[in-house]
Amino acid sequence: MRVLVTGAAGFIGSYLCEELVAEGHEVYGLDNLSTGSLSNLQSIQNHRHFHFVRGSVLQRNVVLELTATCESVVHLAAAVGVQLIVDKPLESLHTNIQGTEIVLEYANRFRKKIFIASTSEVYGRNSAVPLREEDDRIYGSTTISRWSYAGSKAMDEFFALAYHRTTGLPVVIGRFFNTVGPRQTGRYGMVIPRFVRQALRGETITVYGDGSQTRTFTFVGDVAPAIVRLLFEPRAEGQIFNIGGEQEVSILELAQRVKRLTGSASDIQCIPLDQAYMEGFEDMQRRVPNIGKLKSVIRYRNSLSLDQILKRVIEFERTRPDAGQ
Ligand code: UDP
């Protein structure tokens, strides 16, 4: 099958493209390389079933042509990472709202099945454990820019569901819970690559807040095949699925694990949220998914423990050609 992947050169996008090509699909990967990198696609860039297109989801003519060519679409292109959203709020909103609107519009025009990437951020500060897909969203004020990410992704979900209900467009929505693994960049705030790089360089490991907040990290090598299965599973149409790990960990404990696994002499230091991000920043205290719905529709298993994931990231960061940067 011919599949269009937007955000193909991003962290999750690159694993997804590899997975699709390995399964014998023909992939058209669209990416404007704003946060993604061609080096992520090294293993498939010369594959005869992979076609890279440099462009943005905001370019209507590009999206039109690719959507017409392909039989299904996975829409991952987005401004991701709380840091990026806080730093570039306007650009991020445009990409996340208008970009998705354009991709959905053409998927609908040409009647192509589409997977929309969403995030556990949409639950906001609802810290119910575990979070189920139909649980409430609880957000802070619009004056706090971190909430614009949750708001924009929630709007994407509303759009996708509205298309499904109004025109019968086959859509599937996946909410990712802190997807991690080798190739993820720490440039936009993501905690694991940041901690690993700090530990390997002997720099202070920066825990934001008091470190009691928890996350449930998900290995990218499990997320990519889950996206493919959801895309091709008729029972998933019109539905939202949490895609997440099962091992909850506090950020302070994460820092300690990274220090131990790297054998680093780095100090671990807590930095107030106001200093780490901006005045009035609010963090999410807990985020644990219920993945029962996902498992009821596709085959899904979290294949690695947190330490196993960390070891892979450490190995990757140690051997990265630009490891000094
Ligand atoms: N975090 C941290 N130090 C860092 C980067 C992030 O303590 O250098 C914290 C961040 O405040 C959050 C958690 O780690 O509580 C996960 O952050 P990330 O940006 O990876 O994902 P989020 O869950 O915020 O989307």
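Everything quoted here is computed from the prediction, not taken from an experiment.

Enquirer: Explanation requested: the packing of helix α4 (residues 89–109) against helix α5 (residues 146–167) in the structure shown.
Expert: A pair of packed helices is captured by two measures, namely the crossing angle of their axes and the spacing between those axes. It is at 9 Å that the axes of α4 and α5 come closest, and there the two elements cross at 15°. By the angle between their directions, the pair α4 and α5 is classed as roughly parallel. Crossing of α4 against α5: the hand is right-handed. Here Leu 93, Asn 96, Ile 97, Thr 100, Glu 101, Leu 104, Glu 105 and Asn 108 of α4 lie close against α5, whose contacting residues are Ser 148, Tyr 149, Ser 152, Asp 156, Phe 159, Ala 160, Tyr 163 and Thr 167. Broken down by class, the residue content of the contact of α4 with α5 amounts to seven nonpolar, six polar and three charged.

Enquirer: Where do I start with unusual backbone geometry in this structure?
Expert: What is expected of a backbone is that most residues other than glycine have negative phi and most peptide bonds are trans. Of the consecutive residues Val 129 and Pro 130, the connecting peptide bond is found in the cis state with omega at -10°. Although it is not a glycine, Arg 111 sits at a positive phi angle of roughly 55°. Positionally, Arg 111 belongs in the loop between α4 and β5 (113–119). Positive phi, normally seen in glycine, also occurs at Arg 183, with a value near 90°.

Enquirer: Would you mind showing me how to read the sheet that holds strand β2 (residues 26–31) here?
Expert: Pairing between the strands of a sheet is mediated by backbone hydrogen bonds and can be parallel or antiparallel. Overall, parallel pairing links the seven strands, which are arranged β3-β2-β1-β4-β5-β6-β11 in an open sheet. With partners counted over all chains shown, the strands left at the sheet margins are β3 (50–54) and β11 (239–243), one partner each. The average angle at which neighbouring strand axes cross in this sheet is 20°, direction not considered. Contacts between helix α7 (residues 220–231) and the sheet are confined to β1 (2–6), β4 (72–75), β5, β6 (171–176) and β11, with β5 contributing the most and set at about 140° to the helix.

Enquirer: So what exactly am I meant to see when it comes to the site of the ligand here?
Expert: Around the ligand, 17 residues are found, and the nearest of them are Arg 194, Thr 206, Tyr 208, Arg 215 and Asp 283. Between the ligand and Tyr 277, the relevant distance is 3.1 Å, taken from an oxygen atom to a side-chain nitrogen or oxygen of the residue. Here Arg 287 contributes a side-chain N or O atom positioned 3.1 Å from an oxygen atom of the ligand. Here the ligand, which alone exposes 520 Å², has 95% of that area covered by the protein. Among the secondary structure elements, those contributing two or more residues to the shell around the ligand are α6 (191–201) and β8 (205–208). Of the residues belonging to the shell around the ligand, the class tally is eight nonpolar, four polar and five charged.

Enquirer: Please explain helix α2 (residues 60–69) as it appears in this structure.
Expert: Those residues of α2 that fall on the buried side of the exposure criterion are Val 62, Val 63, Leu 66 and Thr 67. Seen end-on, α2 carries its buried residues on one side only, within an arc spanning 120°. Within α2, the exposed residues directed more than 90 degrees away from the buried face are Asn 61 and Glu 65. Of the surrounding secondary structure, the elements contacted by the buried residues of α2 are β1, β2, β3, β4 and α4.

Enquirer: Looking at this model, I keep getting lost on the packing of aromatic side chains. Mind explaining?
Expert: Enumeration according to the criterion identifies six aromatic pairs in this entry. Both rings, one in Tyr 123 and one in Phe 177, keep their centres 6.1 Å apart while their planes meet at 45°; by these two values the pair is tilted. Of the two residues, Tyr 123 sits in the loop between β5 and α5 while Phe 177 sits in the loop between β6 and β7 (179–180), which places them 54 residues apart along the sequence. For the ring pair Tyr 208 and Tyr 277, a centre distance of 5.2 Å and an interplane angle of 80° mean the geometry is edge-to-face. Residue Tyr 208 is found in strand β8, and its partner Tyr 277 is found in the loop between α9 (273–276) and α10 (292–297); the two are separated by 69 residues along the sequence. Here Tyr 208 falls in the buried class, since its relative accessible area comes to 14%. Clustering of aromatic rings is evident, with ring pairs tying together Tyr 208, Tyr 277 and Phe 281. Seen from the ring of Tyr 123, Arg 175 lies directly overhead, with NZ or CZ sitting 4.8 Å from the centre. Between Arg 183 and the ring centre of Tyr 15, over which it is positioned, the NZ or CZ distance is 4.1 Å.

What counts as what
Residues numbered from 1 in each chain as written. Predicted model: local features only at pLDDT ≥ 70, side-chain atom pairs only at ≥ 80, totals over all residues. Heavy atoms only, no water. Axes fitted to C-alpha atoms, helices over the stretch in contact; angles between N-to-C directions. Helix = DSSP H or I, 4+ residues; strand = E, 2+ residues; numbered from the N terminus. Parallel < 35°, antiparallel > 145°, perpendicular 65-115°, else oblique. Left-handed = near helix turned anticlockwise from the far one by under 90°. Contact = heavy atoms within 4.5 Å. Nonpolar A, V, L, I, M, F, W, Y, C, P; charged D, E, K, R; others polar. Pairing = 2+ DSSP bridges. Near = heavy atom within 4 Å. Polar contact = N/O pair within 3.5 Å; in protein donor to acceptor, adjacent residues only side chain to side chain. Areas by Shrake-Rupley, 256 points an atom, 1.4 Å probe, with all protein chains shown as cover. Buried < 20%, exposed > 50% of the residue type's maximum accessible area, 1.4 Å probe, protein only. Arc of directions from axis to C-beta. Phe/Tyr/Trp six-rings, centres within 6.5 Å; stacked < 30°, edge-to-face > 60°. Lys NZ or Arg CZ within 6 Å of the ring centre and 35° of its normal.

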